[in-house]
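Read off the chains here:
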Amino acid sequence: MRAIRTAAFALLVASIPTLAAAQGNVRLDVRAGGANRLAIRCLALTPAGDRGADTSSVKADEVLANDLENSAVFEVARGWVAGGGGADPQAEIGGTWKVSGAQITLSGEVHDWPGRKPIFVQEYRGASSEWRSLLHHYADDIVMQFTGEPGVASTRIAFIVQEGREKNLWVMDSDGADAHAITHDRSIAQSPSWSPDGSLILFTSWRGGTGPQLWVISPQQAKPFLVSGRPGLNTSGVYAPDGRSIACTLSQDGNAEIYRLDPRGGSPVRLTDNRAIDTSPCFSPTGQQIAFTSDRSGTPQVHVMDADGSNVRRLTYDVNYTDSPAWSPKGDRIAFVSRTDTGFDIWICRPDGSGAMRVVEGSSNENPHWSPDGRHLVFTSERDGKHALWITDLDGGPPRKLDTGGRVALSPAWSPRSGPASPQ
Amino acid sequence: MRGALAGSAVVHGGLTLALFVLHPSHDVLVPGPDVVEVALVDPTPAPPQPVAKASPEPAPPVEDRGVRIEKPRPAPPRAKPTPPPPTPAPPVRTAEPPARVVLAYAPVAGGLQGEVAVDQSNFEFAYYLQQVRSLIARNWAPPAGVPTGLKVTVYFKVSRDGSLSSPRVETSSGNPYFDEAASRAVIVTNHLPPLPLGYVGADLGVHFGFEYTGP
């Protein structure tokens with residue numbers, strides 16, 4: 001009898017992952033496929049004010065339509081393209097683009113279609129030098145109006161540009177515009193990570209001359225400050241979600257271990273302690289857990305531990321050789337890379353390791369990083385010959401390339417949202 | 001005089017009782033002479049496909065072309081109970097009954113179908129119902145082992161900023177696990193898009209139907 005009970009219990013336990021996987025797939029299926037994109041039509045903005053508004057409003061039309069398309073929420077028809085009408089839209093996006101000297105006023109209007117009842121009206125004002133940001137804010141508000149969550153058109157992406165033997169830290173808008181260098185070090189910069197308020201970037205640099213150290217820089221001021229220059233490695237630093245500590249890899253005690261530091265680099269607390277290499281830490285959005293890579297089981301594998309270093313468990317046994325964990329902003333997924341014959345694929349799974357699913361494959365794809373709304377992953381890929389930045393919307397469509405002017409681009413980090421979506 | 005009063009009370013009470021007893025269904029209380037039907041042409045859910053490197057073709061065509069608003073159709077004639085004589089006592093819903101805007105949806109992945117309806121007859125924003133449908137369906141997972149054909153309706157209110165309040169099971173499926181799964185989907189969704197500017201109400205009552213068509 002006891003044997004039967006044991007067998008029944010074993011059967012029950014064995015069936016749990018299957019059930020969980022089946023339910024999880026259902027939820028992913030509903031999200032996936034791009035089928036839930038809302039059809040909208042962008043109408044050309046009406047130019048007003050100074051002469052020249054005609055030209056700039058045409059550019060504005062394209063920036064706005066691209067933002068809305070890139071949101072992965074909408075299927076966008078461009079009203080100014082003949083035959084570009086597509087399906088009947090749910091809504092029409094339009095407004096007025098008024099140029100007065102160095103000032104631009106964008107009066108955004110979103111209407112229901114075909115009823116043309118107002119859905120959303122908002123005015124945006126700013127300097128003409130920042131005309132793109134007005135449109136990004138408008139796009140983010142439109143996404144908010146249709147989904148209940150603001151978009152990410154106003155966010156930025158930090159990344160590394162390799163030129164010869166140098167690697168410098170760069171920043172650009174999330175649509176690829178306004179890419180510019182932050183460091184000019186004749187050195188090697190690596191693995192940038194934004195502070196939770198988006199004001200600082202933590203990165204690894206060899207600029208100190210004694211190996212890799214952790215530095216922090218403000219994209220506005222462009223003057224780096226040393227955070228950790230301990231003997232050996234000081235790498236892969238990330239801020240905790242509350243900004244009150246940093247997790248990083250140090251090798252001051254002999255081999256690479258994960259440590260927790262205060263934001264200035266002091267008060268080190270060692271979180272891992274074994275003979276294996278432990279690196280690439282990444283916080284859960286609550287700050288209660290840390291995902292990291294360890295080769296303690298023979299090959300590199302993503303593990304998860306509590307933020308004090310306890311309760312270490314391997315993330316997934318479904319996939320071999322995993323690295324580069326990235327916890328989604330809502331906490332419901334962890335993205336990571338898995339080695340293949342030709343390079344790496346990008347996978348996502350639940351934080352308990354179940355539901356592992358390959359989302360990007362072919363060529364080599366590395367360093368996945370989530371957008372703050374969790375709808376996109378930015379990553380490095382060699383799919384068109386050399387390392388460049390690509391974005392997947394996780395809806396089954398092909399990834400899109402970010403234009404970095406043909407430069408070799410690596411190690412992207414998506415900024416958090418900064419401030420409210422509607423500046424007035 | 002007292003006898004006449006008592007008699008009147010008995011007659012009115014009886015009429016009121018008769019009114020409730022004679023009501024064959026909820027539909028008579030909330031008849032739909034002005035129903036605006038909104039039919040959703042839903043896509044056959046495509047299986048999630050991995051992103052392939054050498055795939056220059058765009059994603060397969062999406063058939064979810066939105067919602068078609070049909071003109072209000074005259075309701076089929078209904079057998080109405082005899083209107084009660086003027087009486088101050090019972091709060092019966094009488095003239096100008098609220099019509100409903102209804103969004104039917106075909107099965108989405110996971111074997112879910114049903115309809116989304118709102119209380120207000122002047123709600124003309126089909127996109128909004130489609131978003132409500134998508135956002136809540138995304139959070140629904142079928143409880144293991146429930147039979148197909150179960151139906152439950154969950155009622156909730158959406159305030160202007162999109163926050164969702166007081167969800168309750170309006171019409172039970174009879175299966176507590178299925179009811180629970182439906183309530184969970186609504187509660188977990190927590191926040192919906194803000195109400196459209198052109199809708200003037202302070203909030204919007206939504207009746208969300210869940211029907212399980214099988215895995």
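Residues numbered from 1 in each chain as written. Chains lettered and ligands numbered in written order. Predicted model: local features only at pLDDT ≥ 70, side-chain atom pairs only at ≥ 80, totals over all residues. Heavy atoms only, no water.

**Considerations on the overall build of chain B**
Within chain B, the secondary structure is distributed over 4 helices and 7 strands. Counted from the first residue to the last, chain B has its helices and strands arranged as α-α-β-β-β-β-α-β-β-α-β. Within the span of chain B, comprising 215 residues, buried residues form 41% of the whole. Long-range pairs, those at least 24 residues apart, make up 76% of the contacts in chain B between residues at least 6 apart in sequence. Taken as a whole, chain B presents about 11,600 Å² of accessible surface, with 61% of it coming from carbon and sulfur. (Helix = DSSP H or I, 4+ residues; strand = E, 2+ residues; numbered from the N terminus. Buried < 20%, exposed > 50% of the residue type's maximum accessible area, 1.4 Å probe, protein only. Contact = heavy atoms within 4.5 Å. Areas by Shrake-Rupley, 256 points an atom, 1.4 Å probe, with all protein chains shown as cover.)

**Observations concerning the sheet that holds strand 22 (residues 322–327) of chain A**
Residues and elements named next belong to chain A. The antiparallel open sheet is built from 4 strands, whose spatial order is 22-23-24-25. Of all strands in the sheet, those with a lone pairing partner are strand 22 and strand 25 (357–360), marking the two edges. Each neighbouring strand pair of the sheet contributes to a mean axis angle of 35°, computed without reference to strand direction. (Pairing = 2+ DSSP bridges. Axes fitted to C-alpha atoms, helices over the stretch in contact; angles between N-to-C directions.)

**Looking at helix 2 (residues 53–70) of chain A**
Residues and elements named next belong to chain A. Taking 1.5 Å per residue as the helical rise, helix 2 with its 18 residues ought to reach 26 Å, and the 25 Å between its terminal C-alpha atoms agrees with that figure. For helix 2, every residue scored as buried is listed here: Ala53, Ser57, Ala60, Asp61, Val63, Leu64, Ala65, Asp67 and Leu68. As for helix 2, its buried residues are in contact with strand 1 (38–42), strand 2 (46–49), strand 3 (74–78), strand 4 (91–100) and helix 3 (131–147). Phi turns positive one or two residues past the end of helix 2, at Ala72, with a value near 70°. (Expected span 1.5 Å × (residues − 1).)

**Observations regarding the sheet that holds strand 28 (residues 388–392) of chain A**
Residue and element names in this part refer to chain A. The 4 strands lie next to each other as 26-27-28-29, forming an open sheet whose pairing is antiparallel. Of all strands in the sheet, those with a lone pairing partner are strand 26 (365–370) and strand 29 (400–401), marking the two edges. In the sheet, strand 27 (residues 377–381) pairs with strand 28 via 5 bridges, with the strands oriented antiparallel. Opposite Thr380, over in strand 28, you have Leu389 as the bridge partner.

**Details of the packing of aromatic side chains**
Summed over all chains, the structure comprises 15 aromatic pairs over all chains. Geometrically, the ring pair formed by Trp140 of chain B and Phe178 of chain B is edge-to-face, given 6.2 Å between the ring centres and 80° between the ring planes. On the criterion of sequence distance, the pair formed by Trp140 of chain B in the loop between helix 3 (126–138) and strand 5 (151–159) and Phe178 of chain B in helix 4 (residues 176–189) is long-range, its members being 38 residues apart. Across the pair, Phe178 of chain B and Trp140 of chain B agree in class, each one buried. An aromatic cluster of at least three residues, connected via ring pairs, comprises Phe74 and Phe146 of chain A together with Phe123, Phe125, Tyr127, Tyr128 and Tyr199 of chain B. (Phe/Tyr/Trp six-rings, centres within 6.5 Å; stacked < 30°, edge-to-face > 60°.)

**Describing the pairing of strand 16 (residues 257–261) of chain A**
Side-chain direction in a regular strand flips from residue to residue, so the side chains alternate between the two faces of the sheet. All names here are of chain A. The buried fraction of strand 16 amounts to 4 of the 5 residues, a majority that puts the element mostly inside the structure. In terms of strand pairing, strand 15 (residues 246–250) meets strand 16 through 5 bridges, oriented antiparallel. When the sheet's bridge partners are listed, Thr249 is paired in strand 16 with Ile258. Hairpin connection, strand 15 to strand 16: the antiparallel pair is bridged by 6 residues, and Gly254 has positive phi, about 120°. The pairing of strand 16 with strand 17 (residues 269–270) spans 2 bridges and is antiparallel. Its bridge partner being in strand 17, Arg260 is matched across the sheet by Val269.

**Looking at unusual backbone geometry**
All names here are of chain A. In the segment running from Trp113 into Pro114, the intervening peptide bond is cis, with an omega of 5°. With respect to the helices and strands, Pro114 occurs in the loop between strand 5 (103–112) and strand 6 (118–127). Phi at Ser267 is positive, roughly 45°, even though this residue is not glycine. A positive phi angle is found at Asn311, which is not glycine, with a value near 60°. When you line up the elements, Asn311 lands in the loop between strand 20 (301–306) and strand 21 (313–314). You can call Asn311 partly exposed: its relative accessible area is 47%.

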